[in-house]
Amino acid sequence: MDENEYDVLVVGGGIAGTGIAAHLAPSCRVAVLEMEEQPGLHSTGRSAALFVAGYGNRVVRALTLASRKFFFSPDPRFCEGALVNKRKIMIIGRAEKREAFEQFVAHELPAGNLEWISAEVALELCPVLHLDGLIGAVLDVDAADIEVHALQHGYIRQLKSHGGQLFVNARVEGATFDQAAGRWDVETPLGVFRAPILVNAAGAWADEVAAKAGVKPIGIEPRRRTAALVDVPEGLDSKDWPMVLDADESFYMKPDAGLLLISPADETLSEPEDVQPDELDVAIAADRLQQLTGIEVRRIKSKWAGLRSFVGDRSPVVGFATENPGFFWLAAQGGYGIQTAPALSSLAAKLVLKLPVHDEFEAMKIREEDLSPARLYQPAEQVR
Ligand SMILES: Cc1cc2nc3c(=O)[nH]c(=O)nc-3n(C[C@H](O)[C@H](O)[C@H](O)COP(=O)(O)OP(=O)(O)OC[C@H]3O[C@@H](n4cnc5c(N)ncnc54)[C@H](O)[C@@H]3O)c2cc1C
């Protein structure tokens, strides 16, 4: 093998790309190609970093649950400190949005580890909330803040300790499958890399990368979400406040290193790009914070936006492309790519290596077809 020849090339150095590469490295020669000058600069470095078991659809919840042990009892060889810190989530009901709250309670309360609490108890947990109009809340005590940096650096360490490589400033500009040699020739500014398997973990750019390789797109929709950090009113210790989410998911706030992270939970369709926050979305978040708590935002400490990329059914897309067997998709993790990374990256690596995965799917009570890109190409009436 020459120095640019690998068994698997992974496009994208976010949590998805570094996660799958870490799992592949003990079994094969693998390299990650990242276009930026460091990994994790896009969605992975801009998330709200939450682990919430009851978030997302059935498939996402199964993947999150399967990732729980990895986060809560991490292998000391993977990282030195904790990967999560407990953080309660409080979904609040307000009189003006009674219907949304009642629907949430009816749907979610019987399903899981949630408890209903009164408005007064909600106020004890988060003393800045306005009691007026608060009709109650639902508490998820099993949620946590994720140490995203520790998670990604654990993956990168694991990758490198098994001889895998991470190339930065290595934007994939084109990829051609050489039928005779049975491998992809992948063009980057660092030269041509070769491997029989190309993993597309390019986040919002997943369809763009597929197009460069002549592979049919999956219809990825990058959606912008905005966040800002603002001050906590003087004299209050917000460290143990829960994350507070409006029942119709139109606003959330959570403590973040002595400040408050606020978001209007926007989902504006975007191009794949280094997305920037829109002033209006930041203003909406500040306004909703004021309505809910009375906190008047005097200073935006920092603000950012990131892309949450979905396909129509809001499940991730994981598996070999139907018409290009050496092309593997690991995309569309939406707003759940961090909390599902442990289960998804391990499962995806097994699929790439063609190892048995029956037991994993059985344990999660989902099917390979729930994730496979093939589901996206079926005529509409066949899609469940
Ligand atoms: C505001 C916000 C809040 C969120 N909150 C949460 C949360 O609380 N919990 C949770 O689990 N998830 C959350 N998410 C979602 C989570 O961040 C994503 O699902 C996850 O980061 C996706 O990881 P990724 O590796 O697929 O994408 P990315 O991190 O975007 O990585 C893709 C990489 O591909 C690279 N790339 C693209 N094109 C090329 C190319 N041609 N050549 C080489 N490299 C290329 C990019 O530079 C990028 O580094 C949130 C997202 C946002 C924006």
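Where an unreviewed UniProt entry is consulted, the protein chain appears under the name FAD-binding oxidoreductase, with the organism given as Sphingomonas oligophenolica.

## Examining the sheet that holds strand 10 (residues 174–178)
As summarised here, the arrangement of the 3 strands in space is 10-11-12, forming an open sheet in which the pairing is antiparallel. Of all strands in the sheet, those with a lone pairing partner are strand 10 and strand 12 (191–195), marking the two edges. Sheet twist, expressed as the average angle between the axes of neighbouring strands with direction ignored, equals 20 degrees. By the bridge criterion, 5 bridges tie strand 10 to strand 11 (residues 183–188) in an arrangement that is antiparallel. Its bridge partner being in strand 11, Phe177 is matched across the sheet by Trp184.

## Here we look at the domain arrangement of the protein chain
If you check the domain split of the protein chain, you get domain 1 (8–66 + 147–220 + 313–382) and domain 2 (88–141 + 221–308). Taking only C-alpha atoms into account, the centre of domain 1 sits 30 Å from that of domain 2. Listed as interface residues are 19 residues of domain 1 and, on the opposing side, 21 residues of domain 2. Between domain 1 and domain 2, the buried area comes to about 1500 Å², and carbon and sulfur atoms account for 49% of it. Where domain 1 touches domain 2, the interface holds 3 salt bridges. Of the charged contacts in the structure, one is a salt bridge between Arg46 and Asp274, with a shortest N-O distance of 2.7 Å. Remark: the boundary between domain 1 and domain 2 carries 11 residue pairs in polar contact (both at pLDDT 80 or more). For the side of domain 1 that touches domain 2, a count of residues per class yields 9 nonpolar, 6 polar and 4 charged.

## As for unusual backbone geometry
Backbone phi values are negative for most residues with the exception of glycine, while trans is the configuration of most peptide bonds. For Arg314, which is not a glycine, the phi torsion comes out positive at approximately 60 degrees. For Arg314, the location among the structural elements is in the loop between strand 19 (300–310) and strand 20 (317–320). Positive phi, close to 60 degrees, is recorded for Lys365, a residue that is not glycine. Mapped onto the elements, Lys365 comes out in the loop between helix 9 (358–364) and helix 10 (368–371). We classify Lys365 as exposed; its relative accessible area is 70%.

## Some remarks on the pairing of strand 17 (residues 259–263)
Taking burial as the measure, the 5 residues of strand 17 include 5 buried ones, the bulk of the element. Of the two faces of strand 17, the one lined by Leu259, Leu261 and Ser263 and the one lined by Leu260 and Ile262 are each fully buried. Relative to strand 17, strand 14 (residues 221–231) runs antiparallel, the two sharing 4 bridges. The residue of strand 17 that forms the bridge with Leu229 is Leu261.

## Description of the environment of Gly334
Within the element layout of this structure, Gly334 appears in the loop between strand 21 (327–331) and helix 8 (341–352). You can call Gly334 buried: its relative accessible area is 17%. In sequence terms Gly334 and Gly258 are 76 residues apart; their C-alpha atoms lie 28 Å from each other. Sequence-distant contacts of Gly334, defined by excluding residues within four places in its chain, comprise Arg308, Ser309 and Phe310.

About the thresholds
- Residues numbered from 1 in each chain as written.
- Predicted model: local features only at pLDDT ≥ 70, side-chain atom pairs only at ≥ 80, totals over all residues.
- Heavy atoms only, no water.
- Pairing = 2+ DSSP bridges.
- Helix = DSSP H or I, 4+ residues; strand = E, 2+ residues; numbered from the N terminus.
- Axes fitted to C-alpha atoms, helices over the stretch in contact; angles between N-to-C directions.
- Domains from an automatic or database assignment.
- Contact = heavy atoms within 4.5 Å.
- Buried area = accessible area lost by both parts, 1.4 Å probe.
- Salt bridge = Lys/Arg side-chain N within 4 Å of Asp/Glu carboxyl O.
- Polar contact = N/O pair within 3.5 Å; in protein donor to acceptor, adjacent residues only side chain to side chain.
- Nonpolar A, V, L, I, M, F, W, Y, C, P; charged D, E, K, R; others polar.
- Buried < 20%, exposed > 50% of the residue type's maximum accessible area, 1.4 Å probe, protein only.

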